[in-house]
Amino acid sequence: MISPSHRFGSESPIHTSVTEYHTAIDHGSDKNVVNADTLIEDEYFRTNPKPEYLDKLVGKAEKFLKNIPKTCKIVLLTSGGTTVPLENNTVRFIDNFSAGTRGASSAEQFLANGYYVIFLHREFSLTPFNRQFTHSATTQFLDYFNEHGELKQDFKAKILEEKKLQLKYQKQLLLLPFTTVNQYLWSLRSIALLMNNKNCLFYLAAAVSDFYVPYSKLPQHKIQSSNEYKKSDYSKESKSASSSSSSSSSSSSSSSSSSSGSSSNVLSSGKLILDLDPVPKFLRRLVQSWAKSSMIISFKLETDSSILIKKAKQALKNYNHQLVIGNLLQTRNKEVVFVSEDANIKEQWVKLTADVTCIEALIIPEAIKRHQEWIATQESK
Ligand SMILES: CC(C)(COP(=O)(O)O)[C@@H](O)C(=O)NCCC(=O)N[C@@H](CSSC[C@H](N)C(=O)O)C(=O)O
């Protein structure tokens, strides 16, 4: 294993998939509550702590953006699924489905079309160019090499092709990670505030959690399962609690995993009851405040084809941005539908054709066309 002291590149990487337990909040007091943005409506940022690495991430984005010529187009492309931790010292979490194919493949197309790309992605999900090799169901990493440790001939051409592209676009691409929905939202807002101009495009392909556990309700430690519950202090606590409380559930006492307002309860029957809050609708803040001068494309993911276009239109109406790309989980690599306010082409299906290797080769040119048209309308204002 490569020694931890071995550094790839000059700067140490940002890791998001490790619990920042040393910044864990002592729920007993508000001394840890972050003095976040003073905007009244951003209650979320006041009560859910800023990721410890955020300033470093913003510094990377600022340095990247600073070196981009003013006339160049830039896209903030989000990719992969966010997680919702169930404990502050995270052992269990709820994940959102996304391999990162849409995002990584779209980034390749944006780069090939001259865009600079900030790739805000789920750590360890697919990334541009590498995506062909890193998550294969059939080929493990060491399968690419022979017994002498040399790259096998079968893979040489493809690896050379992708390596050349990676090198060609390395100055146009910035990879920034997230894991949890809290990290995603803090990162999205911070980067958006740097990209609030018409040459910037937001392409939100990340699968963002709709429900989460606010830090004020997050159990500090691992939720105890029922057999641990019976032997643990929880059962004594809950017995005393239930005997003192006027109304206690007769059938089953429960243990909450933190002293007050817990998000989870383990019933003595062994059931785990979760109580999750809705994630605030950040697309609205992105459109109305953080990046109101930029064009915003969001994705709508459904599994029921009968509601896809209706839900995409609803998102467009709710958030008043420029374009929603609707896709069904089952056919997301074969077809998508562009839903916009444009009177002429309210709904436009884009379907995979035999002459392209991936549907993003059709999606991105159309998205760029819409971006160019939108810039023209902004300039004529
Ligand atoms: C995730 C996929 C399907 C790609 O799959 P992979 O290629 O395997 O990565 C992507 O195309 C997509 O639909 N992404 C968006 C999925 C999503 O969660 N969309 C949200 C809207 S953005 S989440 C925004 C938040 N809920 C809010 O309203 O502010 C939704 O459908 O509701």
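The model shown is predicted, which means the values in this text are computed figures rather than measured ones.

S.K.: Could you give me a rundown of helix α5 (residues 153–169), with the residues and numbers involved?
M.R.: Owing to its 3.6 residues per turn, the α-helix aligns residues three or four sequence positions apart on the same side. Helix length check: α5 (17 residues) gives 25 Å between terminal C-alpha atoms against 24 Å at 1.5 Å per residue, within 8%. Its maximal kink placed at Ile159, α5 deviates by approximately 25°.

S.K.: An account of the site of the ligand is needed here, citing residue identities and associated values.
M.R.: For the ligand, the set of nearby residues contains 20 residues, the closest of which are Ser98, Gly100, Asp210, Tyr319 and Asn327. Leu301 has a polar backbone atom sitting 3.0 Å from an oxygen atom of the ligand. Between the ligand and Arg332 there is a distance of 3.4 Å, counted from an oxygen atom to a side-chain nitrogen or oxygen. Coverage of the ligand by the protein amounts to 93% of the 730 Å² it exposes when considered alone. Elements that contribute at least two residues to the shell around the ligand include exactly α3 (101–112), α9 (282–290) and β12 (295–302). Ranked by residue count, the leading element in the shell around the ligand is β12, at 3 residues. Here the residues of the shell around the ligand are counted per class, giving 11 nonpolar, 4 polar and 5 charged.

S.K.: An account of the sheet that holds strand β14 (residues 335–340) is requested, with residue identities and associated values reported.
M.R.: The strands making up a sheet are joined through hydrogen bonds of the backbone, oriented either antiparallel or parallel. Taken in spatial order, the 8 strands line up as β5-β4-β1-β6-β12-β13-β14-β15 in an open sheet, and their pairing is mixed. Here the strands that pair on one side only, and so sit at the sheet edges, are β5 (173–178) and β15 (347–351). Strand-to-strand twist of the sheet, defined as the mean angle between neighbouring strand axes without regard to direction, takes the value 20°. Here strand β13 (residues 323–328) runs beside β14; their pairing, made up of 4 bridges, is antiparallel. Its bridge partner lying in β14, Leu323 is registered against Ser340. Helix α6 (residues 181–192) rests against β1 (74–79), β4 (116–122), β5 and β6 (200–204) of the sheet, and its axis sits at about 165° to β4.

The rules behind the values
Residues numbered from 1 in each chain as written. Predicted model: local features only at pLDDT ≥ 70, side-chain atom pairs only at ≥ 80, totals over all residues. Heavy atoms only, no water. Helix = DSSP H or I, 4+ residues; strand = E, 2+ residues; numbered from the N terminus. Expected span 1.5 Å × (residues − 1). Bend = angle between axes of the 7 residues up to and from the residue. Near = heavy atom within 4 Å. Polar contact = N/O pair within 3.5 Å; in protein donor to acceptor, adjacent residues only side chain to side chain. Areas by Shrake-Rupley, 256 points an atom, 1.4 Å probe, with all protein chains shown as cover. Nonpolar A, V, L, I, M, F, W, Y, C, P; charged D, E, K, R; others polar. Pairing = 2+ DSSP bridges. Axes fitted to C-alpha atoms, helices over the stretch in contact; angles between N-to-C directions. Contact = heavy atoms within 4.5 Å.

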